[in-house]
Amino acid sequence: SQWYASKRYYSQYVLEDNFIRTILLKKYKRANFSKIHISRKTDDHFEIVIHAQNLGILIGTKSEKSEKSEKSEKSEKFKLFQKQIKEFIFHYRQSEWNSKLRVVLHIFRCKTSASSIADFIVEH
């Protein structure tokens with residue numbers, strides 16, 4: 001995580017970031033995350049950078065459709081994933097839907113890492 005907070009909000013931000021990571025790791029375990037980086041500009045502005053091996057779990061896989069419809073489908077799945085992250089945050093905060101909350105999401109494919117190999121060995 002990368003952000004600045006006063007003493008009043010520090011523990012709240014740490015717990016909220018931990019909740020986001022934990023829920024993503026549980027719900028999308030098969031995506032094989034290698035890194036989840038969370039930064040905040042303000043209380044209602046998150047920037048989340050995700051490095052995962054299997055992006056198809058998060059934003060869908062390639063299909064045999066035309067390239068334009070494939071891009072729009074991926075865009076829709078990306079927006080749906082972004083919306084789910086917002087819902088996780090609202091669930092954690094126990095607050096109503098807030099249009100002010102902004103989640104900027106970046107997803108990158110990563111190569112096999114030592115931790116993912118260890119997770120595979122533990123599972124099997």
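Everything here concerns the structure above.
The model shown is predicted, which means the values in this text are computed figures rather than measured ones. (Residues numbered from 1 in each chain as written. Predicted model: local features only at pLDDT ≥ 70, side-chain atom pairs only at ≥ 80, totals over all residues. Heavy atoms only, no water.)

**Overview of the overall build of the protein**
In step 1: Assigned secondary structure in the protein consists of 4 helices and 3 strands.
In step 2: Of the regular secondary structure in the protein, the N- to C-terminal order runs α-β-β-α-α-β-α.
In step 3: Counting every position in the protein, which comprises 124 residues, the buried fraction comes to 35%.
In step 4: Long-range pairs, those at least 24 residues apart, make up 54% of the contacts in the protein between residues at least 6 apart in sequence.
In step 5: On the protein, roughly 8,800 Å² of surface is accessible, and the fraction owed to carbon and sulfur atoms is 52%. (Helix = DSSP H or I, 4+ residues; strand = E, 2+ residues; numbered from the N terminus. Buried < 20%, exposed > 50% of the residue type's maximum accessible area, 1.4 Å probe, protein only. Contact = heavy atoms within 4.5 Å. Areas by Shrake-Rupley, 256 points an atom, 1.4 Å probe, with all protein chains shown as cover.)

**Things to note about the packing of aromatic side chains**
In step 1: In total, this model carries 5 aromatic pairs according to the counting rule given.
In step 2: Geometrically, the ring pair formed by Trp3 and Tyr13 is edge-to-face, given 5.1 Å between the ring centres and 90° between the ring planes. Placement of Trp3 in the segment before α1 (7–27) and of Tyr13 in helix α1 is noted, with a sequence separation of 10 residues between them. Across the pair, Tyr13 and Trp3 agree in class, each one buried. (Phe/Tyr/Trp six-rings, centres within 6.5 Å; stacked < 30°, edge-to-face > 60°.)

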